[in-house]
Amino acid sequence: MLTTESTKIAFNVAWARAQFPSLAQSVNGHPAAFLDGPGGTQVSQRVIDAIRDYLVQSNANTEGAYATSRRTDAMIAGARSAMADLLGCDADEVVFGPNMTTLTFALSRSIGRELGQGDEIVVTHLDHDANVSTWRALEERGVKLQFVDVNEQDCTLDMGDMARKINGRTKLVAVGYASNAVGTINDVKEVIRLAHAAGAMAFVDAVHYAPHGPIAVRELDCDFLACSTYKFFGPHMGVLYGKREHLKRLQPYKVRALTNDIPFRWEMGTLNHECIAGITACVEYLADLGRHVNPEAGSRRAALLSAYEAIQSYERRLIERLIRGLVEIPRLKFFGISDPKRFSQRAPTVAVRIEGHTPLELANRLGERGFFTWDGNYYALNLTERLDVEKSGGFLRIGLVHYNTVEEIDGVVAALKEIVG
Ligand SMILES: Cc1ncc(COP(=O)(O)O)c(C=O)c1O
């Protein structure tokens, strides 16, 4: 049994793994090791059951005068309050949509209605393109984009450059909570403070952070924050938090028949109800994990915070072991924070290159052995271009979540050593 040391009650990874039926798969006789969490995580049995049960018992459109439709309305309200507990906000500030990218394009289009020539938006080289191209779309209105640079040696944001790029013309700062490419966790609280001091709004892309750390939108004081439930053990859906005042004031592009009440005015057309049913189940899975490590956790929010404490402590052990193993590999170049003393500033997501092998070749050969990793830019295109690795295949990414094990880490390091000789 693998446990964490810092939590009051041990985090039992075997308990967690038993909840995820897909983890039992194998490839060419090798157990499958899902080291592809940053691309999407597996779902627990209760998520599968919730989706199935919704389709059997409640499948209907919303706001009808009959039982299944009423059950659908209640189910969506339940999912909204589950996400409000996860994000630390009220349920009417939670907007559902197909994914983060679509929600962010809808938001940028709406914010863009108020912007024009002379206005600026600050984005970063560290970000996923869904938090760059969505704002770049407003260049057609005359809005200017300012790019914040990265420190090449450790792939952190250049906060001096951030402070310089934010000015009186800045209307919005769009920043990632954590990098899906190199794992850096950004000081988003400071970025939000800088944005507000200049009179700008702050948008946080928390897609990569959400499986790894607790989110508290009120404490952060961000204006918007987006995440995707399929990255934290739920179905393929996106979620947007917006401060109530903004969700009310801004004008979304919407059909006339749709209510003007928040958050519904931001939800275009019929949503994926079965996946929304799965969202409650995924939040409940995390809360249950929290209750396992801390049976005294009272509210669901308290249980979620306990879960993240246990997850962070466990993932910390995994990432230390993975990075220690990787940096021993000859001709391997490591991108991002590698000093264990600074591991609280990184998620358990690493990017490497190994001389003489393309990332695609490495991912293919690992895949044959049952290790699911990723290669290329995974849409962190602004970073692969900035670090000049885009033309040569980007990075090999190994991304851990709390259902990964020490054995999987030792296995992937040994497999890489064998492949590169
Ligand atoms: C950091 C980050 N932001 C945004 C996205 C886009 O999310 P979605 O697929 O929900 O549009 C991803 C997806 O990989 C991501 O990793």
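The paragraphs below set out a description of the structure included in this document.

Thresholds applied
Along each chain, residues carry numbers from 1 onward, in the same order as the chain's sequence is written. Side-chain atom pairs in this predicted model are given and counted only at pLDDT of 80 or more, local residue features only at pLDDT of at least 70, and totals for whole chains, interfaces and linings cover all residues. Derived side-chain values reflect all non-hydrogen atoms in the structure, with water molecules and hydrogen atoms excluded from consideration. Near is defined per residue: the residue qualifies when any heavy atom it owns lies within 4 Å of the molecule or strand. Throughout this description, a polar contact denotes any pair of N or O atoms lying within 3.5 Å of each other; where both atoms belong to protein, one of them has to be capable of donating a hydrogen while the other can accept it, and for residues adjacent in sequence the pair is counted only when both atoms sit in side chains. Areas reported here follow the Shrake-Rupley algorithm with a probe of radius 1.4 Å; residue values treat only the protein chains shown as occluding. Aromatic pairing here means that ring centres of Phe, Tyr or Trp (its six-membered ring) are within 6.5 Å. Orientation follows from the plane angle: under 30 degrees is stacked, over 60 is edge-to-face, and everything else is tilted. A run of H or I in DSSP counts as a helix once it spans at least four residues, and a run of E counts as a strand once it spans at least two, with each numbered from the N terminus. Each residue is assigned to one of three classes by its accessible area relative to the maximum for its type, calculated with a 1.4 Å probe on protein chains only: buried under 20%, partly exposed between the two thresholds, exposed over 50%. The term salt bridge refers to a side-chain nitrogen of Lys or Arg lying within 4 Å of a carboxyl oxygen of Asp or Glu. In this analysis, strands are considered paired if DSSP registers two or more bridges between them. Helix axes are fitted to C-alpha atoms over the stretch in contact, other axes to C-alpha atoms as well, and angles between N-to-C directions run from 0 to 180 degrees. The contact rule is simple, with two residues in contact once any of their heavy atoms fall within 4.5 Å. Roughly parallel means an angle under 35 degrees; roughly antiparallel, over 145; roughly perpendicular, 65 to 115; everything else is oblique. For any pair of crossing helices, the crossing counts as left-handed if the nearer helix is rotated counterclockwise from the farther one by less than a right angle, and right-handed if it is rotated clockwise. All residues other than Ala, Val, Leu, Ile, Met, Phe, Trp, Tyr, Cys, Pro, Asp, Glu, Lys and Arg, Gly among them, are scored as polar; the first ten of these are nonpolar and the last four charged.

## Some points on the site of the ligand
Near the ligand the following residues occur: N99, M100, T101, H128, A130, N180, D205, V207, H208, S228, Y230 and K231. T101 is positioned such that a nitrogen or oxygen atom in its side chain is 2.5 Å from an oxygen atom of the ligand. Side-chain polar atom of H128 to an oxygen atom of the ligand: 3.4 Å apart, as the coordinates give it. For the ligand, whose unbound accessible area comes to 390 Å², protein coverage reaches 89%.

## Observations concerning the packing of aromatic side chains
Summed over the entire model, instances satisfying the criterion amount to 12 aromatic pairs. Aromatic side chains F233 and Y285 sit 6.3 Å apart centroid to centroid with 70° between the ring planes, which places their arrangement in the edge-to-face category. In this pair, F233 sits in the loop between β11 (224–228) and β12 (238–242) while Y285 sits in helix α10 (residues 273–293), placing the two residues 52 residues apart along the sequence. Of the two residues, F233 and Y285, both sit in the buried class.

## So, the pattern of salt bridges
As a working rule, side chains carrying opposite charge can pair if their charged atoms are close by. A complete count under the given rule lists 30 salt bridges for this structure. E120 serves as the salt-bridge partner of R169, at 2.9 Å between the closest nitrogen and oxygen. In this pair, R169 sits in the loop between α6 (159–165) and β9 (170–176) while E120 sits in strand β5 (residues 120–124), placing the two residues 49 residues apart along the sequence. Under the relative-accessibility criterion, R169 is labelled partly exposed at 44%. Judged by relative accessible area, E120 falls into the buried class, the value being 3%. Between R342 and D154 there is a salt bridge, with the nearest N and O atoms lying 3.0 Å from each other. Taken together, the positions of R342 in the loop between β13 (332–335) and β14 (349–354) and D154 in the loop between β7 (150–151) and β8 (156–157) put the pair 188 residues apart, joining distant regions of the chain.

## Looking at the sheet that holds β13
Strand pairing in a sheet takes place through backbone hydrogen bonds and is either antiparallel or parallel in direction. Pairing is antiparallel in the open sheet, where 4 strands are placed in the order β13-β14-β17-β16. Whereas interior strands pair on both sides, the edge strands pair on one side only; in this sheet they are β13 and β16 (374–376). On average, adjacent strands in this sheet sit at an angle of 30° to one another, irrespective of strand direction. Judged from the 4 bridges that link them, β14 and strand β17 (residues 395–399) form a sheet pairing that is antiparallel. Paired with A351 across the strands is R397, a residue of β17. Against the sheet, helix α12 (residues 359–368) contacts β14, β16 and β17, and its axis sits at roughly 40° relative to β17.

## Here's the deal with the sheet that holds strand β10 (residues 201–205)
An order of β4-β12-β11-β10-β9-β5-β6 is seen for the 7 strands of this open sheet, with the pairing classed as mixed. Either end of the sheet is taken by a strand with one partner, and the two such strands are β4 (94–97) and β6 (144–148). On average, each strand axis in the sheet is tilted by 20° relative to the strand beside it, whichever way the strands run. As paired strands, β11 and β12 are joined by 5 bridges and run antiparallel to one another. Residue pairing across strands places A226 opposite L240, the latter belonging to β12. Contacting β4, β9, β10, β11 and β12, helix α4 (residues 100–112) runs over the sheet at an angle of about 155° to β11. Along the sheet, helix α7 (residues 188–197) makes contact with β9 and β10, crossing β10 at roughly 155°.

## Details of the side chain of R300
With respect to the helices, strands and loops of the structure, R300 is situated in helix α11 (residues 300–326). Of the polar contacts made by the side chain of R300, one reaches the backbone oxygen of S81; its length is 3.5 Å. For R300, the contacting residues outside a window of four places in its chain are S81, A82, D85, V283, E284, A287 and R291.

## Some words on the pairing of β4
The alternating pattern of β4 places V94 and F96 on one face and V95 and G97 on the opposite face, and all of these are buried. Pairing geometry for β4 and β12, over 4 bridges, is antiparallel. The residue bridging F96 from the neighbouring strand is V239, located in β12.

## Quick notes on the packing of α11 against helix α14 (residues 406–420)
Running from N to C, α11 and α14 cross one another at 15°; their axes reach a closest spacing of 10 Å. Accordingly, the angle class assigned to the pair α11 and α14 is roughly parallel. With respect to the hand of their crossing, α11 and α14 are arranged in right-handed fashion. Two secondary-structure elements touch here, α11 through Y314, L318, R321, L322, G325 and L326 and α14 through V406, I409, D410, V412, V413, L416 and K417. In the contact of α11 with α14, the residues fall into 9 nonpolar, 1 polar and 3 charged.

## What about the environment of A363?
Following the sequence through the fold, A363 ends up in helix α12. Since its relative accessible area comes to 11%, A363 is described here as buried. Separated by 11 residues in sequence, A363 and W374 place their C-alpha atoms 6.1 Å apart.

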